[in-house]
Amino acid sequence: MMKRETVLITGASGGISYAFAERFAQNGCDIIAVARSEKKLYQLKNELEGKYEIQFVPYAKDLSKQEEVQSLYNEL
Ligand SMILES: NC(=O)c1ccc[n+]([C@@H]2O[C@H](COP(=O)([O-])OP(=O)(O)OC[C@H]3O[C@@H](n4cnc5c(N)ncnc54)[C@H](OP(=O)(O)O)[C@@H]3O)[C@@H](O)[C@H]2O)c1
């Protein structure tokens, strides 16, 4: 069996990173997604898990804040 890949995508709920999230999901990768808005991340989780057989793990973090970057690192 092939090993499933997991990708970490920052800014996954909008713009170019949203396109990356969709493309990786199409290719069967699990996704760890980071953005500030938890609501947008959960909308994307519902959308991508509904369309593809993947796991989408949302992390609501503000990456402009050092302590939130550190807490993401620790949690991962
Ligand atoms: N080289 C190229 O051809 C190219 C093309 C396109 C874009 N870019 C670059 O790629 C980057 C993204 O551009 P975009 O147009 O895709 O941006 P965008 O539409 O503004 O998307 C921003 C994404 O990042 C999240 N985000 C914003 N501030 C954040 C923060 N402090 N912490 C965590 N997440 C944050 C947003 O969600 P929340 O608001 O919920 O946090 C959203 O998911 C920019 O640096 C842009 O210059 C480069």
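Above: the structure in question.
Now for a look at the structure at hand. Quantities reported herein were computed from a predicted structural model and do not represent experimental measurements. (Residues numbered from 1 in each chain as written. Predicted model: local features only at pLDDT ≥ 70, side-chain atom pairs only at ≥ 80, totals over all residues. Heavy atoms only, no water.)

1. Some words on the sheet that holds strand E3 (residues 56-60)
Spatially, E1-E2-E3 is the arrangement adopted by the 3 strands of the open sheet, whose pairing is parallel. Strands with a single pairing partner mark the edges of an open sheet, and in this sheet they are strand E1 (6-10) and E3. Taken pair by pair, the neighbouring strands of this sheet meet at an average axis angle of 15°, ignoring direction. By the bridge criterion, 5 bridges tie strand E2 (residues 30-35) to E3 in an arrangement that is parallel. Following the sheet pairing, Ile 31 is matched in E3 by Phe 56. Running at roughly 165° to E1, helix H1 (residues 15-26) makes contact with E1 and E2 of the sheet. Running over the sheet, helix H2 (residues 38-51) touches E2 and E3 and is turned about 175° from E3. (Pairing = 2+ DSSP bridges. Helix = DSSP H or I, 4+ residues; strand = E, 2+ residues; numbered from the N terminus. Axes fitted to C-alpha atoms, helices over the stretch in contact; angles between N-to-C directions. Contact = heavy atoms within 4.5 Å.)

2. Digging into the pattern of salt bridges
One pass over the structure, following the stated rule, counts 5 salt bridges. Linking Asp 30 and Arg 4 is a salt bridge whose minimum nitrogen-to-oxygen distance equals 2.4 Å. With Asp 30 in strand E2 and Arg 4 in the segment before E1, this residue pair connects regions lying 26 residues apart in the sequence. Owing to a relative accessible area of 46%, Arg 4 belongs among the partly exposed residues under this scheme. Where Lys 45 meets Glu 49, a salt bridge forms, and the shortest distance between an N and an O atom there is 3.0 Å. (Salt bridge = Lys/Arg side-chain N within 4 Å of Asp/Glu carboxyl O. Buried < 20%, exposed > 50% of the residue type's maximum accessible area, 1.4 Å probe, protein only.)

3. Considerations on the environment of Ala 60
Along the chain, Ala 60 turns up in strand E3. Once the C-alpha coordinates of Ala 60 and Glu 38 are considered, the two residues, 22 residues apart in sequence, prove to be 5.1 Å apart. Not counting the four nearest positions on each side in its chain, Ala 60 is found in contact with Ala 35, Arg 36, Glu 38, Leu 41 and Glu 68.

4. Here's the deal with the site of the ligand
Taken together, 14 residues lie around the ligand, and Ser 13, Ile 16, Arg 36, Asp 62 and Leu 63 are the ones closest in. Interatomic distance of 2.8 Å between a side-chain N/O atom of Asp 62 and a nitrogen atom of the ligand. Classifying every residue of the shell around the ligand by side-chain character gives 4 nonpolar, 6 polar and 4 charged. (Near = heavy atom within 4 Å. Polar contact = N/O pair within 3.5 Å; in protein donor to acceptor, adjacent residues only side chain to side chain. Nonpolar A, V, L, I, M, F, W, Y, C, P; charged D, E, K, R; others polar.)

5. Description of the packing of H1 against H2
The contact between H1 and H2 brings their axes to 10 Å, and the two run at 25°. Considered as vectors, H1 and H2 are oriented roughly parallel to each other. H2 is crossed by H1, and the crossing has right-handed handedness. Contact residues: H1 offers Tyr 18, Ala 21, Glu 22 and Ala 25, while H2 offers Leu 44, Glu 47, Leu 48 and Lys 51. (Parallel < 35°, antiparallel > 145°, perpendicular 65-115°, else oblique. Left-handed = near helix turned anticlockwise from the far one by under 90°.)

In short, shape yes, function no, at least from these values alone.
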